[in-house]
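Tertiary structure, described
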Amino acid sequence: MLINKITSTFGDHSNLLPLFTKDVVNSTGMTAFSYDAGGKIEAKDRFIDEFGTQAIWMGGLPFFKWAIDNSVYKLAKLNPDVDVRLLKDNEQLSAAQKYAQTLKDTNISQSLNNVVKNSKKAQGLFLGKFAAATALTLASFFTLVKVKQHYTKKEIEKQFWAKKSEQHFYSNNVAKSPAFKAFMSDGEHQNKANNKNIAFKGLGSTLSSFMFDPVKNLFIVDAGITGERLIASRTKTEFAETAIKEGSLLFFLYVAGRYVQEGIEKISEKLGKPIGLHAEVLSSTYMNDSITSGKAAKDVKEVKDLINAVQSAKENLKANKTETAKAELSNAQKALYEFIYDAKNQDNTVIKAAKHSGLIKTIVNGNWWQKLTGKAVNTHKIDPQKYIKISDIDDCANNIDKLYQQAIKHKDIGAFLKACRNMKIGSVAANMGITCLFLGLIVPYSMMKYREKHQNGKKEFHVQSEIERQLEQSFKGRVA
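Residues numbered from 1 in each chain as written. Predicted model: local features only at pLDDT ≥ 70, side-chain atom pairs only at ≥ 80, totals over all residues. Heavy atoms only, no water.

Once that is clear, we can look at the overall build of the protein chain. Helix and strand content of the protein chain: 21 helices and 2 strands. A total of 480 residues make up the protein chain; the buried ones form 42% of that total. A total of about 26000 Å² of accessible surface is found on the protein chain, and carbon and sulfur atoms cover 58% of it. (Helix = DSSP H or I, 4+ residues; strand = E, 2+ residues; numbered from the N terminus. Buried < 20%, exposed > 50% of the residue type's maximum accessible area, 1.4 Å probe, protein only. Areas by Shrake-Rupley, 256 points an atom, 1.4 Å probe, with all protein chains shown as cover.)

Here's what the structure looks like:
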């Protein structure tokens, strides 16, 4: 179902779409409040800043990485799809290479082996790509800021001199006309009262985790954008407003969402409805069948035993740094990875759910457009080029276990899973709703109230007021 797919997407903290949606809401709210406060010029300035930044923010990193993948990597004859973290995990790498040889697509095995042979070059290229893409994205934003500020200044100057021209024409032509004087004299009494209500608003106014996680990578860009916005602030009021806006945005985009979701999930768990898994997994036929038959408990135990063996071996190695302890850890990790890659275990409930949730990446055949439009073919086979985080698999197993323990208390397991799925949908909707409410309304409103407080109750565009003040001084100097 589409609703399950949407919920899984917006409930995934490593997915960029929820961030994009929240930022659109924030940008729309900021533009609307800016128009209300400062008129068309401020609204244009805000629109260019918000939505132009958003285009760079969401498109910059992918574009520059794509450009580097299709130029530098091709020249180096290395596949950018291979996750370089595999090179630091010998046990997973060994299992991945062994598994890759069983796939019909021999290119995967060759590209993986080629990266292993050129490991230093591959790691250097990845670090260079991360640094270059991030720097170029920030440079693009800096260029946007300069262009926007120049455009806004020209618009203010254009409006200022147009106003002065109108005033000059009025003073030297219209106001001296006998007919106009007679008209003004007749209507002077009524206009004194009406003029009080007239306003010509239009005229007056950790490094690795950051490198491999797309959301955290975007955070670096966002933090850089925040810094550049603060540095490029044209007035003290703009600096303060930017600090309020950017601080709130960073908090609600990268911190609040996760904690709100976790809080809702804990409350739901206490109510007997564990919703840690994706909505698509909760509503899947295989999860229903696996829990009903008792297979889920067996599958979870199978995976947890292997993970616990790895954890135990790690603790033993910390206490006893011997060759025997190192070998024990290596063997435990090898057993776990071989289990995950083994074709016989692909029906394991934990492995299925992990692949379904994207925790274990699968091979998808199709070009970038087919992948974007959902027309690519998912083989459901594990992609040996991608890194598997055992902590993710452990969390997945724990969530299935919690679900199973509660589900077996109910006669109708299907109805229970449906209730959990609905709770998951509600939790994600509530999370998005709370965040969007703050970013789209409360934060922009707070900024405008701050402006009123520090501008003696005025909401006018402070940048425009400052530029007009300078122009007025220049004008008086010319007249004098």
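Let's shift gears to the nonpolar core. Grouped together as the largest cluster of nonpolar side chains are 65 residues, with contacts concentrated most on Met287, Ile291, Ile400 and Leu403. Counting 23 residues, the second largest nonpolar core, distinct from the first, contains Ile56, Phe64, Leu138 and Phe141. (Core = buried A, V, L, I, M, F, W, Y, C linked by side-chain atoms within 4.5 Å.)

This part covers the environment of lysine 389. By the secondary structure assignment, lysine 389 is in the loop between β2 (377-382) and α19 (390-407). Spatially, the C-alpha atom of lysine 389 lies 7.7 Å from that of leucine 359, the residues being 30 residues apart in sequence.

Okay, the pattern of salt bridges next. This model, assessed by the stated rule, comprises 10 salt bridges. Here lysine 295 makes a salt bridge to aspartate 299, at a shortest N to O gap of 2.6 Å. A residue pair is termed a helical-turn pair when its members lie 3 or 4 positions apart in one helix, as lysine 295 and aspartate 299 do in helix α15 (residues 295-319) at 4 residues. With relative accessibility at 27%, the residue lysine 295 sits in the partly exposed group. Using a relative accessible area of 5% as the deciding quantity, one classes aspartate 299 as buried. Between aspartate 347 and lysine 295 there is a salt bridge whose closest N-O contact spans 3.7 Å. Of this pair, aspartate 347 sits in the loop between α16 (323-341) and α17 (349-357) while lysine 295 sits in helix α15, and the two are 52 residues apart along the sequence. (Salt bridge = Lys/Arg side-chain N within 4 Å of Asp/Glu carboxyl O.)

Take the packing of α15 against α19 next. Remark: α15 packs on α19, axes separated minimally by 10 Å, with the N-to-C direction vectors making an angle of 150°. α19 is crossed by α15, and the crossing has left-handed handedness. On the side of α15, the interface is formed by Ala296, Ala297, Val300, Val303, Lys304 and Ile307, while α19 contributes Ile390, Ile393, Asp394, Ala397, Asn398, Ile400, Asp401 and Tyr404. Taken together, the residues that form the contact of α15 with α19 break down as 10 nonpolar, 1 polar and 3 charged. (Axes fitted to C-alpha atoms, helices over the stretch in contact; angles between N-to-C directions. Left-handed = near helix turned anticlockwise from the far one by under 90°. Contact = heavy atoms within 4.5 Å. Nonpolar A, V, L, I, M, F, W, Y, C, P; charged D, E, K, R; others polar.)

Right, let's talk about the side chain of serine 357 for a bit. The residue serine 357 is located in helix α17 in this model. A distance of 2.8 Å separates a polar side-chain atom of serine 357 from the backbone oxygen of alanine 353. (Polar contact = N/O pair within 3.5 Å; in protein donor to acceptor, adjacent residues only side chain to side chain.)

The backbone of lysine 77 sits at a positive phi, close to 60°, despite the residue not being glycine. Locating lysine 77 in the fold gives a position in the loop between α3 (72-76) and α4 (90-100). Owing to a relative accessible area of 67%, lysine 77 belongs among the exposed residues under this scheme. Phi angles above zero are rare outside glycine, and histidine 380 is one such case at about 65°. Tracing the backbone through its elements, the reader meets histidine 380 in strand β2.

A few words on the packing of aromatic side chains. Within a pair of aromatic rings, the relevant descriptors are the distance that separates the centres and the angle that separates the planes. For the structure on display, the rule yields 5 aromatic pairs. Judged by centre distance (4.8 Å) and plane angle (25°), the ring pair of phenylalanine 252 and phenylalanine 438 falls under stacked. Here the residue phenylalanine 252 occupies a position in helix α12 (residues 236-270), and phenylalanine 438 occupies one in helix α20 (residues 413-454), the gap between them amounting to 186 residues. What makes phenylalanine 438 partly exposed here is its relative accessible area of 29%. A network of ring pairs unites the aromatic residues Phe63, Phe64 and Trp66 as a single cluster. (Phe/Tyr/Trp six-rings, centres within 6.5 Å; stacked < 30°, edge-to-face > 60°.)

Another aspect to go through is α20. Between its terminal C-alpha atoms α20 stretches 60 Å, which fits the 62 Å expected from 42 residues at 1.5 Å a residue. At phenylalanine 438, α20 shows its maximal bend, which comes to roughly 35°. Two or three places before glycine 414, at the opening of α20, aspartate 412 has a side-chain oxygen 3.2 Å from that residue's backbone nitrogen. (Expected span 1.5 Å × (residues − 1). Bend = angle between axes of the 7 residues up to and from the residue.)

Below, the discussion takes up empty space enclosed by the protein. There is about 70 Å³ of room inside the second largest cavity. Together, Asp23, Glu50, Thr53, Gln54, Trp57, Asp222, Ile225, Arg229, Lys245, Glu246 and Leu249 line the second largest cavity. Among the elements of the structure, α2 (17-69), α11 (214-231) and α12 are those that each provide at least two residues to the lining of the second largest cavity. Element by element, the count of residues in the lining of the second largest cavity is highest for α2, at 5 residues. (1 Å grid on protein atoms, 1.4 Å probe; cavity = no way out; pocket = protein on both sides within 12 Å on 5 of 7 lines; lining within 4 Å. Points joined across faces, edges and corners; volume = space filled by probe spheres on them.)

Right, let's talk about the confidence of the model for the protein chain for a bit. Per-residue confidence for the protein chain gives a mean pLDDT of 80; residues scoring 70 or more make up 77%. Taken as a whole, residues 186-205 scores under 50 in pLDDT and shows 15 contacts with residues more than four places along the chain or in a different chain. (pLDDT = per-residue confidence, 0-100.)

Taken together, the side chains of Phe251, Val255 and Tyr259 define a hydrophobic patch exposed on the protein surface, amounting to about 300 Å² of accessible area. With respect to the helices, strands and loops of the structure, valine 255 is situated in helix α12. (Patch = residues over 30% accessible without salt bridge, like charges linked within 9 Å, V, L, I, M, F, W, Y side chains within 5 Å.)

Turning our eyes to something else, we now look at the side chain of serine 290. With respect to the helices, strands and loops of the structure, serine 290 is situated in helix α14 (residues 285-293). Looking at serine 290, its side chain comes within polar contact range of the side chain of threonine 349, at 2.6 Å. Ignoring sequence-local partners within four residues, the contact set of serine 290 consists of Lys295, Ala296, Asp299 and Thr349.

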